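Here's the letter readout for the chains.
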Amino acid sequence: MPELPEVETVVRGLQGLVGRRITDVEVRWERTVAVPDVETFVRRLQGRRIEEIKRRGKWVVVRLDGGLFLLIHLRMSGRLVVRWGSATDDRHLRVVLALDDGSRLFFSDPRKFGRMALVEDPEHLLGDLGLEPLDEGFTVKRLRDRLAGRRARLKSLLLDQRVVAGLGNIYADEVLWRAGLHPLRRADRLTEEEVARLHRAIRDVLREAIAGRGTTLRDGRYVGADGRPGGFAPRLAVYRRTAQPCPRCGTPIQRIRVGGRGTHFCPRCQT
DNA sequence: GTATGTACCTGCGGGC
DNA sequence: TGCCCGCAGGTACATA
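Because the structure is a prediction, the values reported are computed rather than measured.

A. Region of interest: the pairing of strand β5 (residues 68–73). The buried fraction of β5 amounts to six of the six residues, a majority that puts the element mostly inside the structure. Here β5 shows two buried faces, one formed by L68, L70 and I72 and the other by F69, L71 and H73. Across six bridges, strand β4 (residues 59–64) lies against β5 in antiparallel orientation. Residue pairing across strands places R63 opposite F69, the latter belonging to β5. Remark: three residues form the turn of the hairpin made by β4 and β5, two consecutive strands paired antiparallel; G66 in that turn has positive phi of roughly 80°. Summarising the sheet, β5 and strand β9 (residues 115–119) pair through five bridges and their orientation is antiparallel. Paired with L70 across the two strands is L118, which belongs to β9.

Encoded structure:
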């Protein structure tokens, strides 16, 4: 699943598109376009110049000339790949953007959960997002403030994009293992030292995953914008490793459900 | 505020 | 080998 490290890897791989102009737009699955209506989406996108491509949480944010923003969320199975040349046999293509250098940006998405939005004010969609964990502003104090008074379970809060933006099911489990914290812990019961451990684990796990260009699971679904899979999967400590030994203490990894999500943890070293 | 359930979707794996 | 069934999960929304 594309989470922060995967989206960051995709965004880095798309930097070559900055300065290109969009010459043609093809929408093959209309519901991929959240807003505006498809006809307006196509008309307003054509002829736009790409000024900047960045990431916010799990969103890809494409700033265009004319004060427009193309926001892209990959959700479960979305994939953004740049290619030159002729057709592709990908039967999951949902949107294709043709560019003025002859390349094309393909948005492929088997499960059709991914969304694109063409808006003037990105804050309408991004405004509720929480702390950006790799920014300088992500401090122990700010994390502590976000968790203060929250009685919900740690795992659920880490998945809440309004608290910290960018974590999904894989990295939430990995972060909690790294921090030695049990997924069912109440957030407001963490000690100062535990919040500091959580803060460090979030930054370390995400940085290492980005260095590994993200996690490609056995399904092979996630790839970067250049089509290469990520290399972080062998370094996952707990995610989808049920009954396998904890890399730290050898205890078999357990799987439970928390808020409807499969949750993997070490019952010995996560307290 | 918190927890749970449903919808959106398709590929995949388990069971037979 | 082939078929059916249910799960996986990010987010929005409804409900308790």
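B. Here's a closer look at the layout of surface pockets. Considering only enclosed or pocket space, the largest pocket measures out at about 920 Å³ in volume. Listed by contribution, the elements that provide at least two residues to the lining of the largest pocket are β2 (33–35), β9, β10 (254–258) and β11 (261–265). Looking at the lining of the largest pocket element by element, the count peaks at three residues for β11. Taken together, the residues of the lining of the largest pocket break down into 12 nonpolar, seven polar and 12 charged.

Parameters and conventions
- Residues numbered from 1 in each chain as written.
- Chains lettered and ligands numbered in written order.
- Predicted model: local features only at pLDDT ≥ 70, side-chain atom pairs only at ≥ 80, totals over all residues.
- Heavy atoms only, no water.
- Buried < 20%, exposed > 50% of the residue type's maximum accessible area, 1.4 Å probe, protein only.
- Helix = DSSP H or I, 4+ residues; strand = E, 2+ residues; numbered from the N terminus.
- Pairing = 2+ DSSP bridges.
- 1 Å grid on protein atoms, 1.4 Å probe; cavity = no way out; pocket = protein on both sides within 12 Å on 5 of 7 lines; lining within 4 Å.
- Points joined across faces, edges and corners; volume = space filled by probe spheres on them.
- Nonpolar A, V, L, I, M, F, W, Y, C, P; charged D, E, K, R; others polar.

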